Structures are given as structure tokens and as C-alpha cells.
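The primary structure of each chain is shown beneath.
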Amino acid sequence: MTEEVHELFQAGGTEQLPDNPALIGGVCKECGYVFFPMQTYGCEKCGSTELSPKTLTGRGTLIASAFVHMPVGTPRDTPFLVGSIQTEDGAILRSVLEAPDDAMLIPGMSMITKLVPETRPNHGPQDLRFIPVED
Ligand SMILES: [Zn+2]
């Protein structure tokens with residue numbers, strides 16, 4: 001059995017948020033649990049393998065953020081910001097964030113997706129960021 005590779009995001013948005021890239025997550029048909037990224041191993045909540053892809057709106061709430069000074073794995077220019085975000089669909093994910101140097105990132109604030117040119121080799125032309133939005 002080969003592992004399925006799933007795209008993480010799409011340039012087009014959702015009906016609710018058409019101008020911001022959508023995330024490609026999944027939903028459990030058994031219990032309704034929403035997750036990101038899409039996987040086929042089983043529901044983290046109930047164990048069901050009845051999982052189907054779900055396009056998640058590119059808007060969410062910041063849970064926490066931190067600067068990374070010494071990344072493990074793929075090199076990036078440091079430091080960079082990462083954050084945990086809960087999407088409006090209920091999935092919790094980690095993403096690289098993009099914010100002005102003087103921006104105050106406060107848990108609970110709204111974040112939306114944005115595509116940026118990919119700087120890492122072999123990762124496709126674009127990468128996804130979450131950026132803070134004024135409510
Ligand atoms: Zn489930």
C-alpha cells in the first residue's frame with residue numbers, strides 16, 4: 001500500500017471566503033470531527049476510517065504563536081513565526097505566520113490565509129501563510 005499524498009491547500013477560496021486560499025482538510029463521516037491535513041489513517045476522535053476530504057475556509061483564530069530561531073528540517077531564514085490556529089471549521093493546525101515587525105499577535109485574534117512565493121526547493125511554486133486581520 002502506498003501512502004496517499006494530499007494537497008494541503010488550494011489557491012481558490014471557499015464560498016464563505018472566496019478571496020483567500022482554502023485549506024484541504026478532512027471530516028469524519030462517523031462523528032463529524034474536522035481535521036487538517038487530510039489523512040486516511042483514522043479519525044483522531046472516534047477511530048473511524050470513514051474520512052472524506054473537506055475544503056476548509058482560510059480563516060481562523062490564533063491560539064498561540066512563537067518565534068522559531070533554530071528550525072529542524074527544511075531550512076528557512078530565521079527567525080520566523082509559527083502559530084497554532086483554529087479554523088472556523090474547527091480544525092486545529094500549525095502554520096508559518098506573516099506579520100509586521102511591530103504587530104501584536106494576541107491569542108483570539110482573527111487570522112486569514114495568504115499565498116506567498118515558495119523559497120524552499122521542491123515544494124512547488126507557492127506556500128501558505130496565515131496573517132492577522134483587523135476585525
Ligand atoms: Zn470520528
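For every chain, the first residue of the written sequence is number 1, and numbering continues from 1 onward in sequence order. Since the coordinates come from a predicted model, pLDDT governs what is reported: local features require at least 70, and pairs of side-chain atoms require 80 or more to be given and counted, while whole-chain, interface and lining totals use all residues. Here the side-chain values reflect all heavy atoms present in the structure, with hydrogen atoms and water set aside.

Visitor: Would you take a moment to explain the coordination of the zinc ion for this structure?
Guide: Donor atoms are limited to N, O and S found within 2.8 Å of the metal ion, a distance that becomes 3.2 Å for Na, K and Ca. With water left out, some sites might look partial. The protein atoms that coordinate the zinc ion are C28 (SG), C31 (SG), C43 (SG) and C46 (SG), at distances spanning 2.3 Å. Any site counts as irregular unless it has four donors with all angles between 85 and 135 degrees, making it tetrahedral, or four or six donors with opposite ones more than 155 degrees apart and the rest between 65 and 115, making it square planar or octahedral. Note that the zinc ion binds 4 donor atoms; their angles at the metal cover 105 to 115°, and the shape is tetrahedral. Look at where the donors of the zinc ion fall in the sequence and you get C-x2-C-x11-C-x2-C. A residue is classified by how much of its surface remains accessible, and C28, at 2% relative accessible area, is buried. Judged by relative accessible area, C31 falls into the partly exposed class, the value being 35%. Each residue is assigned to one of three classes by its accessible area relative to the maximum for its type, calculated with a 1.4 Å probe on protein chains only: buried under 20%, partly exposed between the two thresholds, exposed over 50%.

Visitor: Is there a simple way to explain the nonpolar core in this structure?
Guide: Generally speaking, soluble globular proteins have nonpolar side chains that are buried together. Residues belong to a common nonpolar core when they are buried Ala, Val, Leu, Ile, Met, Phe, Trp, Tyr or Cys residues joined through side-chain atoms within 4.5 Å. If you look at the biggest cluster of nonpolar residues, it comprises 15 residues, and the most contacted ones within it are L23, L62, I85, L97, M111 and F130. Helix and strand assignments follow DSSP, with helices taken as H or I runs no shorter than four residues and strands as E runs no shorter than two, numbered in order from the N terminus. Secondary structure elements with two or more residues in this core: β6 (80-87), β7 (92-97) and β9 (126-132). Residue-level mapping places this core at the junction of two domains, with at least three residues from each of domain 1 (9-56) and domain 2 (59-132). Counting 5 residues, the second-largest nonpolar core is a separate cluster that includes C28, F35, M38 and C43. In this entry, domain limits derive from an automatic or database-based domain assignment.

Visitor: Help me understand the domain arrangement of the protein in this model?
Guide: By a widespread convention, an interface's size corresponds to the accessible area lost as its parts come together. Entries for the protein in the domain assignment read domain 1 (9-56) and domain 2 (59-132). Each of domain 1 and domain 2 has a C-alpha centre, and the two are 19 Å apart. Taken over both partners, the interface formed by domain 1 and domain 2 buries close to 1,100 Å², and the fraction arising from carbon and sulfur atoms is 68%. By buried area we mean how much accessible surface two parts lose on assembly, using a 1.4 Å probe and totalling the loss over both. Ranking the residues of domain 1 by area buried against domain 2 places F9, P21 and L23 at the top, with a combined share of 40%. Salt bridge, as applied in this entry: a Lys or Arg side-chain nitrogen positioned within 4 Å of an Asp or Glu carboxyl oxygen. Applying the counting rule to domain 1 against domain 2 returns 0 salt bridges. Counting only elements with at least two residues in the side of domain 1 that touches domain 2, the list comes to β3 (34-35) and β4 (51-56). All residues other than Ala, Val, Leu, Ile, Met, Phe, Trp, Tyr, Cys, Pro, Asp, Glu, Lys and Arg, Gly among them, are scored as polar; the first ten of these are nonpolar and the last four charged. Here the residues of the side of domain 1 that touches domain 2 are counted per class, giving 9 nonpolar, 2 polar and 1 charged.

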